[in-house]
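Architecture at a glance
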Amino acid sequence: MASAIPDDCHNGYAGSFDTFFVSLLAILFASRLLHFFLKYLGQPRVISEIFVGMVIGNSELINSFDPKLARMVRLIAEYGIMSHFFVLGLGMEPKDLFRKRPTREAVLSTAGIVGTYLLISCIQSIFLKGLGTGDTVKYIISLGLSLSNTSSTVLTRLITDLKIGKSEIGRLAVNAAVHNDMTTMSLMSLFLIMQTNIVGREILFDLNRTFVVIPLLIFQTWFLLNAGKRGMDWVNERNPEGKPMNKWHLFLTILLLSSLCWYSPLMGYNGTLNAFVIGLTLPREGRLSRTLIRKINTWLTGFIFPFYYAFVGSALKFNSWKGWASFKDLCVLVLLAMGGKVVGSVIAAISMGFGFPEALCIGLLLNVKGHYNILAAVNALENGVMDTTAFLINVTTVMITIVYIPLVAVVIVRRARKQHSKLQMALQWQDPASEFRIMTCLHGLHNVPSIINIIEATRGGPLFPRLTAYAVDLVELTSRTAATLTYGQGLDAVDVSDEAVVEMRDQITLAFDAYQQESGEGVSIRRLLVVSSFSSMYLDICNAAQDALTVLVILPFHKKQRVDGTMDDGHDQFRIVNRKVLHNAPCSVGIFVDRGLGASQMTSSLEFLHAAVVFIGGPDDREALSYASRVANYPGVRLTAIRFLQRDDQDVASYPGSIGQYFKNASEQGLMSHPEDDECFSDFYDRHLNSGHVHYIEKFVSNSAETFSSLRALEGQFNFFIVGRGGTPLTAGMTVWEECPELGPLGDSLTSSDFSITASVLVIQQHNPGREKENPSLEDFSLQ
């Protein structure tokens, strides 16, 4: 990267290291203080960093640096921005650029780029004349690559902070932004291979220099694809998951990569863009890559970005603003930056089936600018393509494309809230042709094998639509984890740098990544993190489920199975969390009791589960039957439907006390044989039982004692039970001796120490919008 600050920006005052440290503290303190207030307006940290950089960069505090000290600080800023673009490339997958069938994200990205170029071509004379630059094709190419870029890192942070990242619009915008960032950065890297100097208003090319740069970049790419990949694999093998990372391995890797970035200016190529090319070439899988991304991002966010923007701000001259003339130029540049990108993205989104309001929101989100655009402006200033006035206008334009995003988020949230209020998020009412979304929570690594098997069984057969599973790590907020909380670089609202939590999450992520690679295209796994105190953890779970529009949340039981098969005393706090989620969830809830389901991995080629769904009646049993309908279509499951029916000769008067009254009231209300239960089971029978794919058992009972005895007779026949949580007249007496009311009478009986120690149980409660909530405030709603 060229120098971030022209030499004439320094007035030669004698500076000292004391001045440097005072400046550094002032920059960090001011940016954090301003962000503390601006975050309530939904503004990201980059806005406060740019604004503080503009103000402090023009102060005597910065301009009083000694030239030698200024050059040293400039090197730090250059190294920091190189690190940012290296991480940006390392987190991308270049194969996405060469897919035979373009994805929706690729179509949106391409439409925005094409729209920008078309607009620039139409009004280039107005724009170029306004800023006094040359009217050249090469300049238009450079300008188009800059204005058509979407800053994926800034947009991801914005969408994360505004909690719209799990909505369909948020996910699509982030993925399209990553594709756009990769495309424009790659094109700019190729474009600058031939660029050697700029004379006046013309960009000149030197073919002799080009034929030197291209072979060296080809050799560098070949070297990294072979030796670099082998070296990273070697480091990953010697630093297995669960052990501290070897600091020397990390240090030598960073030293080698830094050397590759710094040597590129010697061969006539931009060092910052070469850092991006290096990151794009290296594999993003593996522990070393994840560690580099995490540590470099922490360093950039906490130290480099405020520092970098302050020194970029020293090149800004507020007195260069020329009143109305500069304002007109600013309006034209904003029009160029927004018009083509938004119009192109809107047309592409509408062609995909989005309504105009949603398409407009997508277009506005994809218009966000960031570090790349400021870097391009800095290079243009130092190469004489633009003057200080144009530089000020460009930086201001970057800020304008960011500040309006909170308003877009408000529109998305309001429309999603309106849509969500009309939905009953339950499996029974799920559209069979729509995407099926579930959320699975994990207390730790021990939950992973069984949860993977649950997800695999839930995917159903090949005729079912795509399954999206959100795997959520539940981490208690302690004083230790609170001290390591940072902003996540993905769509998580927060991240934790505590070594134990990071290692646990990395191992869980590896297991899910391996499963997803083996499972094919029918399943999509999304990783999330909830860091909260136990008293409020249920709110984070419910909000995440509502944000993701899931129809089922699966919670692990608070007890774990011992080696001898019995259950331990469990974690009482997780039990409270489960009960609160049952009471407040915006969708159906399942509590999963694991007793050996994860002993081996389920496959569709081998019959793995002997499952049973117990149906007596009521909304929860209907929900359990709807879930079993998906499981029944999975080739590795042999399902048996067991229906308990009331004997016609039942004499309710023979039951003493409250149980007899319960039967009497149920009979009077017509609950003994509800028409909706018969209709639901009849539909299940027609779809599965007539074909012989599902076995069927009927049991006629008179009371809860006979119901319990019938369940006991099933011991050893099945290794997985699916039951509803709610009670019926036939289970009324079971509540007298139940130990865990959150499992319901059937679930509690099946998980008791008197029953099988090898049968896992999934207890399901159907979503009821009318259920009274502990905290019904709409302020808890957010679409993430």
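Residues numbered from 1 in each chain as written. Predicted model: local features only at pLDDT ≥ 70, side-chain atom pairs only at ≥ 80, totals over all residues. Heavy atoms only, no water.

A word on the overall build of the protein chain. Helix and strand counts for the protein chain come out as 27 helices and 14 strands. For the protein chain, the accessible area works out to roughly 33300 Å², and carbon and sulfur atoms hold 59% of it. (Helix = DSSP H or I, 4+ residues; strand = E, 2+ residues; numbered from the N terminus. Areas by Shrake-Rupley, 256 points an atom, 1.4 Å probe, with all protein chains shown as cover.)

Another aspect to go through is the pairing of strand S3 (residues 436–442). The buried count for S3 comes to 7 of 7 residues, which makes it a mostly enclosed element. Pairing between S3 and strand S4 (residues 467–476): 7 bridges, direction parallel. Looking across to S4, one finds that Thr440 is bridged to Ala471. Crossover S3 to S4 through helix H18 (residues 448–458) is right-handed. Here S3 runs beside strand S8 (residues 552–556); their pairing, made up of 3 bridges, is parallel. In the sheet register, Ile438 faces S8, and the bridge partner there is Leu552. (Buried < 20%, exposed > 50% of the residue type's maximum accessible area, 1.4 Å probe, protein only. Pairing = 2+ DSSP bridges. Right-handed = clockwise from strand over helix to strand, strands pointing away.)

Moving on: the side chain of Glu105. Residue position: Glu105 is located in helix H5 (residues 104–131). No salt bridge is formed by the buried Glu105; the nearest opposite charge belongs to Arg104, separated by 5.3 Å. Among residues more than four places away in sequence, those in contact with Glu105 are Leu172, Asn175 and Ala176. (Lys, Arg positive; Asp, Glu negative; His and termini not counted. Salt bridge = Lys/Arg side-chain N within 4 Å of Asp/Glu carboxyl O. Contact = heavy atoms within 4.5 Å.)

A word on the packing of aromatic side chains. Under the defined criterion, the tally for this structure stands at 13 aromatic pairs. With a centroid separation of 6.1 Å and 40 degrees between ring planes, the pair formed by Phe681 and Phe684 is classed as tilted. Residue Phe681 and its partner Phe684 are both found in helix H25 (residues 675–689); the two are separated by 3 residues, about one turn of the helix. By relative accessible area, Phe681 is classed as buried at 4%. Relative to Phe721, the ring of Phe718 has its centre 5.7 Å away and its plane inclined at 75 degrees; by these criteria the two rings are edge-to-face. Comparing Phe718 with Phe721, the two get one shared label, buried. Members of the aromatic cluster, connected to one another through ring pairs, are Phe615, Phe681, Phe684, Tyr685 and Tyr696. The residue whose ring lies beneath Arg630 is Phe436, and the NZ or CZ to ring-centre distance is 4.0 Å. The positively charged end of Arg643 is found above the aromatic ring belonging to Phe681, 4.9 Å away from the centroid. (Phe/Tyr/Trp six-rings, centres within 6.5 Å; stacked < 30°, edge-to-face > 60°. Lys NZ or Arg CZ within 6 Å of the ring centre and 35° of its normal.)

Strand pairs in the sheet, formed through backbone hydrogen bonds, run parallel or antiparallel to each other. Ordered in space as S7-S4-S3-S8-S9-S14-S13-S10-S11-S12, the 10 strands form an open sheet in which the pairing is mixed. Each edge of the open sheet is held by one strand with a lone partner, namely strand S7 (523–532) and strand S12 (695–701). The average undirected angle you get between the axes of adjacent strands in this sheet is 20 degrees. By the bridge criterion, 7 bridges tie strand S10 (residues 609–615) to strand S11 (residues 637–646) in an arrangement that is parallel. Bridge pairing in S11 links His610 to Arg638. Packed on one face of the sheet, H25 meets S10, S11 and S12 and runs near 150 degrees to S11. On the sheet, helix H26 (residues 704–712) packs against S10, S11 and S12 and is oriented at approximately 145 degrees with respect to S12. (Axes fitted to C-alpha atoms, helices over the stretch in contact; angles between N-to-C directions.)

Before going further, it helps to spend a moment on the nonpolar core. Grouped together as the largest cluster of nonpolar side chains are 97 residues, with contacts concentrated most on Ile455, Phe512 and Phe721. The contacts of Ile455, once residues within four sequence positions are left out, are Ile438, Thr440, Leu467, Ala469, Phe512, Tyr515, Val523 and Ile525. If you look at the next biggest cluster of nonpolar residues, it comprises 92 residues, including Ala173, Leu392, Tyr404 and Ile405. (Core = buried A, V, L, I, M, F, W, Y, C linked by side-chain atoms within 4.5 Å.)

Let's shift gears to unusual backbone geometry. Positive phi is not limited to glycine here, since Leu549 has a value of about 55 degrees. Mapped onto the elements of the fold, Leu549 is located in the loop between helix H21 (537–548) and S8.

Once that is clear, we can look at helix H14 (residues 356–365). In terms of residue burial, H14 counts as a mostly covered element, since 7 of its 10 residues are buried. What H14 keeps buried is the set Glu358, Ala359, Cys361, Ile362, Gly363, Leu364 and Leu365.

For the rest of this paragraph, the subject is the pairing of strand S9 (residues 588–593). For a regular strand, the rule is simple: side chains alternate between the two faces of the sheet. In terms of burial, S9 is largely enclosed, as 6 of its 6 residues are buried. Residues Ser588, Gly590 and Phe592 point to one face of S9 and Val589, Ile591 and Val593 to the other, with burial holding for every one of them. Of the strand pairs in this sheet, S8 and S9 are connected by 5 bridges, and their pairing is parallel. What sits directly across from Leu555, in S9, is Ile591. Taken together, S8, helix H22 (residues 572–584) and S9 form a β-α-β motif whose crossover is right-handed. The sheet contact formed by S9 and strand S14 (residues 760–765) spans 5 bridges and is antiparallel. Opposite Val593, over in S14, you have Val761 as the bridge partner.

Here H18 crosses helix H20 (residues 499–519) at 30 degrees, and the two axes come no closer than 11 Å. Comparing their axes, H20 and H18 come out roughly parallel. In this structure, the crossing between H18 and H20 has a hand that is right-handed. Here Val448, Ile451, Ile452, Ile455 and Glu456 of H18 come into contact with H20, specifically with Ile508, Ala511, Phe512, Tyr515 and Ser519. (Parallel < 35°, antiparallel > 145°, perpendicular 65-115°, else oblique. Left-handed = near helix turned anticlockwise from the far one by under 90°.)

Let's shift gears to helix H13 (residues 324–351). Helix length check: H13, at 28 residues, gives a terminal C-alpha distance of 40 Å against a target of 40 Å (1.5 Å per residue), a fit within 8%. One or two positions beyond H13, positive phi appears at Gly353, with a value near 105 degrees. (Expected span 1.5 Å × (residues − 1).)

Let us look at the confidence of the model for the protein chain. For the protein chain, per-residue confidence averages 77 on the pLDDT scale, and 79% of positions sit at 70 or higher. Every residue in residues 130–135 scores below 50 in pLDDT, and together they form 15 contacts with partners more than four places removed in sequence or on other chains. (pLDDT = per-residue confidence, 0-100.)

Positionally, Pro556 belongs in strand S8. Owing to a relative accessible area of 4%, Pro556 belongs among the buried residues under this scheme. Each C-alpha atom, one on Pro556 and one on Gly590, is 8.6 Å from the other, the two residues being 34 residues apart in sequence. When residues no more than four places from it in sequence are discounted, the contact partners of Pro556 are Cys441, Leu442, His443, Asn447, Asn578 and Phe592.

Our focus in this paragraph is the state of the cysteines. What the rule picks out here adds up to 0 disulfides. Cys587 forms no disulfide, and the closest cysteine sulfur to it belongs to Cys542, at a distance of 7.9 Å. Residue Cys587 is classed as buried on the basis of its relative accessible area, which comes to 2%. (Disulfide = S-S within 2.5 Å.)

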